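If you want the building blocks of each chain, they are given just below.
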Amino acid sequence: MLIRTGRDGYEHPIASEITSRAVYEERRRMLQWLAMGGAGVALASWAGRQALAQAPRPGKLAPLNAVKSTVAGAATMEKVTEYKDATSYNNYYEFGTDKADPAQNAHTLKTSPWTVEVDGLVKKPGKYGIEDLVKLSAQEERIYRLRCVEGWSMVIPWVGYSLANLINKVEPLGNAKYVEFLTLADPKTMPFVGSRVLDWPYAEGLRMDEAMHPLTLLTFGMYGEVLPNQNGAPVRVVVPWKYGFKSAKSIVKIRFVEKQPGTAWNKAASNEYGFYSNVNPNVDHPRWSQATERRIGEDGLFAKKRKTLMFNGYEAQVGQLYAGMDLKKNY
Ligand SMILES: Nc1nc2c(c(=O)[nH]1)N[C@H]1C(S)=C(S)[C@@H](COP(=O)(O)O)O[C@H]1N2
Ligand SMILES: [Mo]
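This one's a predicted model, so the numbers in the text were calculated from it and none came from an experiment. (Residues numbered from 1 in each chain as written. Chains lettered and ligands numbered in written order. Predicted model: local features only at pLDDT ≥ 70, side-chain atom pairs only at ≥ 80, totals over all residues. Heavy atoms only, no water.)

**Quick look at the overall build of the protein**
If you tally the helices and strands in the protein, you get ten helices and 13 strands. Looking at the protein as a whole, 52% of its 331 residues qualify as buried. Excluding contacts between residues fewer than 6 apart, the proportion of contacts in the protein whose partners are at least 24 apart in sequence is 74%. Summed over all atoms, the accessible surface of the protein reaches about 15500 Å², with 56% contributed by carbon and sulfur. (Helix = DSSP H or I, 4+ residues; strand = E, 2+ residues; numbered from the N terminus. Buried < 20%, exposed > 50% of the residue type's maximum accessible area, 1.4 Å probe, protein only. Contact = heavy atoms within 4.5 Å. Areas by Shrake-Rupley, 256 points an atom, 1.4 Å probe, with all protein chains shown as cover.)

**What to know about the UniProt feature "binding site: Mo-molybdopterin" (unreviewed entry) in the protein**
Under the present numbering, the feature "binding site: Mo-molybdopterin" (unreviewed entry) in UniProt falls on Asn90, Tyr93, Glu94, Cys148, Thr183, Asn231, Arg236, Ser247, Ala248 and Lys249. Here, the largest cavity is lined by Asn90, Tyr93, Glu94, Cys148, Asn231, Arg236, Ser247, Ala248 and Lys249 out of the annotated residues. With respect to the helices and strands, asparagine 90 occurs in the loop between α4 (83–86) and α5 (101–105). Sequence-distant contacts of asparagine 90, defined by excluding residues within four places in its chain, comprise Asp98, Lys99, Pro102, Gln230, Asn231 and Lys249. A distance of 3.0 Å separates a polar atom in the side chain of asparagine 90 from the backbone oxygen of alanine 86. With respect to the helices and strands, glutamate 94 occurs in the loop between α4 and α5. Accessibility expressed as a relative area gives 2% for glutamate 94, which makes it buried. Ignoring anything within four residues of it in the chain, the contact list for glutamate 94 reads Thr183, Leu184, Met190, Pro191, Phe192, Val193, Trp200 and Tyr202. (UniProt positions renumbered as here; feature names shortened; annotations may be inferred. 1 Å grid on protein atoms, 1.4 Å probe; cavity = no way out; pocket = protein on both sides within 12 Å on 5 of 7 lines; lining within 4 Å. Polar contact = N/O pair within 3.5 Å; in protein donor to acceptor, adjacent residues only side chain to side chain.)

Below, the structure is given as structure tokens:
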């Protein structure tokens, strides 16, 4: 993320992009309605929604069955990103800093056996084998946007369950105020863990109420299958209202702590990446704007940039967590 390519960089919006997204969407829906002729369209869009809910499995990895989530914010009408795009354009610095590196290199990651250790300020610390962790709660499919701080985004049908289900089970103590995530740092299988680009292991953290929010997903799969290595197998978090780097991949430790933990990107450049890192179109990154984004799969000369939404579009669900906080200071 310190390394910026022109492709990911900010470009000034052209006039048509300034048109509010809502107006644009409404206009497009109207045109589609007219083109398809009356009530037929209602049926077509219903069919489209069904297709999204049951997107065909890529058939590359083991299936991971899930029920459709009923959590508010877990569904979207937006087009799901193609599996091939979601698995070939990744940030996973342990396997290289280029977007194509993780897909190329992450085959060396050994995801079984895999243990996640829960420790720190909890009544019931313990080690969970990945097979047991998967079964701890019912798997749900949630279609979330994930937006990278670099200015690109994807829409992915994730599979997992609310992290809160695990947290409730291990019973944090009263003085546990934050949750820290530590991920695998194995120089034998991860070629860039020897590099100095980040302080390894990759670390992330959430305030307890953020970790407990039902949208925070402990994630084991996507597109109805287990996670591909490059997307964070065998377990990661997805925090959809925060910039992508808050969603730590290949987690080996979940620790409950009293003080705000250090995080990998904050340590690398604290003036650029804060602890909160909520998606916020009104607070620019020091080197580029966060007002718009490019949806992966919509590339091309005439592809429009999208307006970035407050809290990545999850404001109704998570806005309350930050009531009274200065989000310019707490970036
Ligand atoms: N362990 C680890 N987790 C990580 C990263 C990383 O480099 N290492 N990159 C983060 C960043 S910057 C983003 S945008 C997302 C990308 O997730 P995706 O490849 O599934 O889209 O993973 C996050 N989690
Ligand atoms: Mo990112």
